[in-house]
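Fold and geometry: a report
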Amino acid sequence: MTTIAIVGAGPGLGAAVARRFGREGHDVALVARDRARLDALAAELAGEGVRARGFTADVRDPKTLAVALDAAASALGPVEVLQYSPLPPPDFMRPVLETGPEDLLGPVEFSVYGPVTAVRHVLPGMRALGRGTVLFVNGGTAAVPQPDRAGTSIAFAAESAYGRLLHDTLAADGIHVAQLVVPGAIIPGHPRKDPAVLADTLWNLHRERHGFRRYADDLGA
């Protein structure tokens, strides 16, 4: 099997996706900023029979992200599945009338420069494999902008547009691009937004390979 690279891996959704894809035989590259947390998660997954390794990167620093993805492919094998799902920090969510140009730099680096860097870096390997999947995970402001969350509303809209363009352009190459919109918080025990349930949804997006956007729950939830 091949590798899934989870950019923004953490103990919630990232860990659940690692388990779900690992159960299907994929190796797992965990990409995030905190080395200690990555090592702890990789060790936990190894105890469950999932081959996983951590690779440090800051999605706002394209060089570190490129290095991490190169290292992942070298250590674990070609990246067939890329999941881009880092959690945006609270300071990206200012009211629109309190948001100036300088306040949009972080969200754009996070939700545009980061995914563009990641996709362009793994795309040659996917083309060599003859298949691949790119999964974007975003909050509800990707679909319905909120005036009190201007940064993510603007940047997620751009990320969504990029993903849709990729979906339309790469289908002929056997590369499927999809977006999962998760309104509100990811909630353990929730029938639709529990991490394991979302991981199943992402697995199905990878396997079914049709359509671009799916909603984890009603937008008002």
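A brief look at the structure comes next. One numbering rule holds for all chains: residues counted from 1, following each sequence as written. Where local features are concerned, this predicted model is filtered to residues with pLDDT of at least 70; where side-chain atom pairs are given and counted, the filter is 80 or more; whole-chain, interface and lining totals use all residues. Calculation of side-chain values draws on the structure's entire complement of heavy atoms; hydrogens and water are dropped beforehand.

1. Details of the environment of Pro11
Mapping Pro11 onto the fold places it in the loop between strand E1 (3-7) and helix H1 (13-23). Sequence-wise, Pro11 and Arg37 are 26 residues apart; in three dimensions their C-alpha atoms are separated by 8.5 Å. Secondary structure elements are defined from DSSP: runs of H or I of at least 4 residues count as helices, runs of E of at least 2 residues count as strands, and each element is numbered from the N terminus.

2. Section: unusual backbone geometry
Non-glycine residue Arg209 carries a positive phi angle of around 60 degrees. Looking at where Arg209 falls in the secondary structure, it is placed in the loop between helix H6 (195-208) and strand E7 (213-215).

3. Some details on the pairing of strand E4 (residues 79-84)
Across a regular strand the side chains alternate sides, sitting on one face of the sheet and then on the other. Classification of residues uses two cut-offs on accessible area relative to the type maximum, computed with a 1.4 Å probe and protein chains only: under 20% is buried, over 50% is exposed, and between them is partly exposed. Most of E4 sits inside the fold, with 6 of its 6 residues counted as buried. Of the strand pairs in this sheet, E1 and E4 are connected by 5 bridges, and their pairing is parallel. Within E4, the residue paired with Val7 across the bridge is Tyr84. Only strands that DSSP links by at least two bridges are regarded as paired with each other. Where E4 meets strand E5 (residues 132-139), 4 bridges bridge the pair, whose relative direction is parallel. Among the inter-strand pairings, Leu82 is bridged to a residue of E5, identified as Val134. Look down the strands so they point away from you; if going from the first strand over the helix to the second traces a clockwise path, that crossover is right-handed. Crossover handedness for the path E4 to helix H4 (residues 101-129) to E5: right-handed.

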